Amino acid sequence: MRRWMIAFALTAARLWAQGGDPEHGPDEEAPHQEDGESEGDLPPFVPPAGFERSAPEMPAGVVMRGERDSPALFVRLREPGTLQTRIGEDWKDTTLDELSNHLREFAEQQDREMKKGGKSAYVAAPGGVTVSRLFLSIDAGPTVPWQHVQWVLTMAVEQEYYKLELTDGARTLLASLPVRRGLRIVVQEPPREIKAEVHAIARAETRQKWGDAEVSRPTEIRFKMGGQIRRRESGETTELAPVADYLREAKKAVEDRDWVLVGGIKAGHKVPFSKVLDLMETFEAGGVARVDFYGTAIPTPEIRKASRLPYPAKNYSAD
């Protein structure tokens, strides 16, 4: 079974300090950055080597193909901003706040059931953290904006769910988040890390319908490669083949050296979920050991209570 590492950059200290997005402009550019800086307001979470932050049956920061090993709470995201939770056999509209409550109640209910067999729905993780061993299964439509998925992930972090099932209806991956509050462990002399990054950029936005509203949506997604390892040919591409070539070049660059190749995916908030999965699969096929994701602004109280998730106002969070 092939695995590759990710870090969704959802650590508590930065997560709960962020706000919403400002107004957007059509076909916006990625903000200027210096080497090593992210486009969003959250840095990637890069754990030191050997730092286990999770339950032993599924290490934190892993994406893998396989079957769930414990029950899941099922949610789905659809246009225009619909968030639903499966209750029994029925799907019911919900809000982010209500999802947070559903996650807590589901863990408590499963814990009561599992205790009848001498087990528990919770497990102790290194760093003095107790987390749920249950899954949050997220079924997001291919065109759902990436920020909506990220908002759901913040609810998972809030209720100490670190195990995920992600699907766009055609592909399914298991993933795990870093466990919050257990991040003070220090490992001496971590190996040198070299970053290979791919940025998914929303381009050519046009005014389109989003439910009853009209919003600026991208008609093209382009990929730009960079980070500490850069391609000789710069620029953007709509194809995944150059991304795969770039990752092969990056792996070759660190061969026979005591370095760790770390991938990075930077996706604008408006980038469709399916395009992020495309990149995830490309990194996996390229054999990259770990891939960092860049975060989003935390949903405001108004967004948490909204009956429909608003379309992203901007591709990147405010500074």
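Residues numbered from 1 in each chain as written. Predicted model: local features only at pLDDT ≥ 70, side-chain atom pairs only at ≥ 80, totals over all residues. Heavy atoms only, no water.

Draft legend 1. Local environment of the overall build of the protein chain. A tally of helices and strands in the protein chain yields six helices and 14 strands. Across the 319 residues in the protein chain, those meeting the buried criterion constitute 53%. Taking contacts inside the protein chain between residues at least 6 apart in sequence as the whole, the part at least 24 apart equals 74%. (Helix = DSSP H or I, 4+ residues; strand = E, 2+ residues; numbered from the N terminus. Buried < 20%, exposed > 50% of the residue type's maximum accessible area, 1.4 Å probe, protein only. Contact = heavy atoms within 4.5 Å.)

Draft legend 2. The arrangement of the pairing of strand β7 (residues 129-140) in detail. Within β7, nine of the 12 residues are buried, leaving the element largely enclosed by the surrounding structure. Of the strand pairs in this sheet, strand β3 (residues 72-78) and β7 are connected by six bridges, and their pairing is parallel. Paired with alanine 72 across the two strands is phenylalanine 135, which belongs to β7. Here strand β6 (residues 122-125) pairs with β7 via four bridges, running antiparallel. Considered in β7, the bridge of alanine 124 is made with threonine 130. The parallel pair β7 and strand β8 (residues 161-167), bridged by helix α3 (residues 146-158), forms a crossover whose chirality is right-handed. (Pairing = 2+ DSSP bridges. Right-handed = clockwise from strand over helix to strand, strands pointing away.)

Draft legend 3. The arrangement of the packing of aromatic side chains in detail. In total, this model carries two aromatic pairs according to the counting rule given. When the ring of tryptophan 146 is compared with that of phenylalanine 273, the centres are 6.3 Å apart and the planes differ by 5°; the resulting orientation is stacked. Of this pair, tryptophan 146 sits in helix α3 while phenylalanine 273 sits in helix α5 (residues 273-285), and the two are 127 residues apart along the sequence. In this structure tryptophan 146 comes out as buried when scored by relative accessible area, which is 2%. (Phe/Tyr/Trp six-rings, centres within 6.5 Å; stacked < 30°, edge-to-face > 60°.)

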